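Residues per chain are reported as follows:
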Amino acid sequence: MAPIELLIELTLMPLIAFIVGMMMVLMMRRIAAKIQRRIGPPFFQPLYDIVKLHGKRTQVSHGLIHDIGIVMAMGGYIAAETLLPVPGMDGIAEKGGLITLLYLMMIPSLGLALGVGQCANPNGSIGIARALTAMLAYDIPLVIVIFGVAYAAGTTNLVEIIATQQAGGFATWGVIEMPLLAIAGLIAMHASLGKQPFEIYIAPAEIATGPMVEMSGKYLGGLFVMQCFQLYTTSVLYVSLFLGGGTTWFDFLIKSFLVLAIPVSIAYLFPRYRTEDLLRLMWKWPVMLGLIGLAFVM
Amino acid sequence: MVMSRIQKIPVVEEKKGNPLARVFDDLVRFCRSRSLFILHYCTGCGAIELPPAMTSRFDMERLGIQPMVSPRQADILLITGYVSIKTLKRVILTYEQMGSPKYVVGICSCTVNGGMYWQSYATAKKLDEYMPVDLYIAGCMPRPEAVISGLQKLMDRIKSGEADSWQDYYQNYDYYLGNQQKLFGEDWQTPTDIITEAKHYELMGEGTLGEHTRLLEQHQNPLEALEMRLGHNIKEPIE
C-alpha cells in the first residue's frame, strides 16, 4: 500500500470513529430518555457539549501530569481505532493484531489514573481505584473471550478473522459457532463500558462522578471525546469478533449500533453493584461461560 | 444595576466586511446556550420543583440542560431558596470554583429579597450583593414551567452574548468582597485567588482592587498544595 494512502486511512479512521461515536452517545442518551418516558436531547447535543466544554474561558489545570493523563486517555483509543478494520479500510490492523489492540484499550484507564492522581481529590482517588478494580474484573473474561476467538480462528489477525467469517456466510459467524464466548463477551463488554449495573466508578450520587470530579472545561471535554471513542471501540470490536465485521458501511453501522443498544437498554433499568459484588459476578459467570466456551472451541 | 457596571472589553474588528469573520465565536456562543450543565445548590424549598423539571413531565434535557454533580463541571449555579449566612460561605466557595463563563440563577423570592425570611438575623437577603446573578425566577415557589421558561430566557441571553455577568465578579471583586467581609468578618478568605485569576485571564477592571482587597492581602495566606500523607487525621483512640 502506498504510504500516502495509509496516511489518509490513519487520519480517516479515528475521525469516522469520533463521528460515529458521537451518534452512539446520542443513541445512548435517547434510549435512556425513552426508558424514562422523556423526549431526550436534540440530534447535535453531543457536539454542543464538546464544543462548549472546549470553549470555556477559564481552564483549571492541576499540573503537567493532569494534562498528559487526559491526552493518554484519548490517545489510547485514537491509536486503537487504527487497529480496528472498518469496511474498505484496514489501517495497520494486519500488522497490529488483537494483542496490541487489547493493550491499547487499557491505556485510557491508566492515563486517567495518572491525571486524576494529581487532582488530589479524595472522590477522584476512590473513583480511579474502583475503575482499576473494575478493569481487573472485566479484563479476565474479556481476555478469555478474545483468546478463544483467536484460537478458533488460528490467528490473532483481526482482518483474517473477519474475512473468514464473511467468506463462510452467516453460519460461520462467531456468534453461531461460539455462542458461549459471545455471551461472555457481551457481559464483559457491558462492564467495560461502565454502564449501570457495573457503574461503580462513576457513581454520581456516591463519589461525585469519581475520576471526572475535578475535570473542567477542555479536560472534561477530552473525557467526553474519550467516551465517544470508547463506545465505538467496544462495539466495533464485538462486531468484528462475533458478527462478521461489515461488508458495507450500512450493515457495519447497523450491527455496531444494535450491539451497543443491548447493554445500554439493560443499563438504565438497574441500579449499581458494589465493588466486591462486581468482582464476584465478573469472575464467576462470564469467566465460567468463557471457559466452557473455550473447552468447546479446543 | 449590576449589568451597567460591567466594562465592555473593546473587541478589535479585524475583518469588518467579512460575514464569516466571527463565525467561530458565534458557534461557541450557540453551543454554550444549547449545552448547560446545572449544579443545583438546593438550599431551600425550591429544590422540590427541580425533579419534575428534569424528569419525564417537563424533561429539561431536550433543551440540553442536564444536572452535574461537581462545581468544576457546571455552567449554571442554581440557588433554590433562602441562603443562610453559613450556607452563603459554601455557595461562594462553589461559585468561585466553577469554570467561566458561569451563570447564577436565583430561584424563589428568598434569593431576591429574603422573602419570608426578611426578618431573620441568619439569612443573607439579596444574593446579588455577594455574587453576580444572571437571572432571578421569582415566586414562592416558581412552578417547573416558570423554571424552564426562565432558563430559556437565559439561553437567549447567552446566545446573544448579553449574559456576561461572570465578568462582573472579576471586574468589581472589591465590591463583592466588601459585602462578604461585612458578613463573615475581616479575615474572610476563599481558597480561590480571584485577583490572580483576573490578572491571568486579563479581566482586571477598575473595581477589581480596592480597600477590601487591600484588607484581604494583609492577612492572606499564600495558597499551598495540600500535604499528602497517610494517617493525617488519625487521632489517639478514644477510651
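Cut-offs and rules
Residues numbered from 1 in each chain as written. Chains lettered and ligands numbered in written order. Predicted model: local features only at pLDDT ≥ 70, side-chain atom pairs only at ≥ 80, totals over all residues. Heavy atoms only, no water. 1 Å grid on protein atoms, 1.4 Å probe; cavity = no way out; pocket = protein on both sides within 12 Å on 5 of 7 lines; lining within 4 Å. Points joined across faces, edges and corners; volume = space filled by probe spheres on them. Helix = DSSP H or I, 4+ residues; strand = E, 2+ residues; numbered from the N terminus. Nonpolar A, V, L, I, M, F, W, Y, C, P; charged D, E, K, R; others polar. Contact = heavy atoms within 4.5 Å. Buried area = accessible area lost by both parts, 1.4 Å probe. Salt bridge = Lys/Arg side-chain N within 4 Å of Asp/Glu carboxyl O. Polar contact = N/O pair within 3.5 Å; in protein donor to acceptor, adjacent residues only side chain to side chain. Axes fitted to C-alpha atoms, helices over the stretch in contact; angles between N-to-C directions. Parallel < 35°, antiparallel > 145°, perpendicular 65-115°, else oblique.

**Q** Quick question: what am I supposed to make of empty space enclosed by the protein here?
**A** According to the stated counting rule, one finds two cavities of 30 Å³ or more in the structure shown. Here the largest cavity defines a volume of roughly 110 Å³. The wall of the largest cavity is formed by Met105(A), Leu142(A), Val145(A), Ile146(A), Gly185(A), Met189(A), Ser192(A), Thr234(A), Leu237(A), Tyr238(A), Leu241(A) and Phe242(A). Put simply, the parts of the chain that give the lining of the largest cavity at least two residues each are helix H6 (122–153), helix H9 (179–193) and helix H11 (217–242) of chain A. Counting residues per element, the lining of the largest cavity draws most heavily on H11(A), at five residues. Counted by class, the lining of the largest cavity contains nine nonpolar, three polar and no charged residues. Put simply, the second largest cavity is a space of about 40 Å³. Lining the second largest cavity are Tyr173(B), Gln189(B), Thr190(B), Thr192(B), Asp193(B), Ile194(B), Ile195(B), Leu216(B) and Gln220(B). Of the residues in the lining of the second largest cavity, the class split is four nonpolar, four polar and one charged.

**Q** Mind showing me how you'd approach the interface of chain B and chain A here?
**A** Quoted interface sizes are often the accessible area lost when the parts come together. Taken together, the contact pairs 31 residues of chain B with 32 residues of chain A. Interface area for chain B against chain A, summed over the two sides, is near 2,700 Å², with a carbon-plus-sulfur share of 56%. Our count for the chain B to chain A interface comes out at six salt bridges. A salt bridge links Arg38(A) to Glu61(B), with the shortest nitrogen-to-oxygen separation between them at 2.5 Å. Taken together, chain B and chain A are joined by 19 residue pairs in polar contact (both at pLDDT 80 or more). Of all the elements in the fold, those that place two or more residues in the side of chain B that touches chain A are helix H2 (23–34) and helix H7 (166–171) of chain B.

**Q** Help me understand the pattern of salt bridges, please; the structure alone is not making it clear to me.
**A** Side chains that differ in charge, positive against negative, can pair when their charged atoms come close. Throughout the structure, instances matching the rule amount to 17 salt bridges over all chains. Ionic pairing is found between Arg29(B) and Asp26(B), a salt bridge with its closest N-O pair at 3.0 Å. With a gap of three residues between them, Arg29(B) and Asp26(B) both fall in helix H2, about one helical turn apart. Its salt-bridge partner being Glu162(B), residue Arg157(B) comes within 3.7 Å of it at the nearest N-O pair. One salt-bridge network, held together by shared partners, links Arg29(A), Arg38(A), Asp49(A), Asp59(B) and Glu61(B).

**Q** Looking at this structure, I do not really get the packing of helix H7 (residues 158–168) of chain A against H11(A). What am I missing?
**A** In a packed pair of helices, the relevant descriptors are the angle between the two axes and the axis-to-axis distance. Residue and element names in this part refer to chain A. The interhelical angle for the contact between H7 and H11, taken along N-to-C directions, is 55°, at an axis separation of 8 Å. With respect to their mutual orientation, H7 and H11 come out oblique. Residue-level contacts link Leu158, Ile161, Ile162 and Gln165 of H7 to Leu237, Ser240, Leu241 and Phe242 of H11. Residue classes in the contact of H7 with H11 are distributed as six nonpolar, two polar and no charged.

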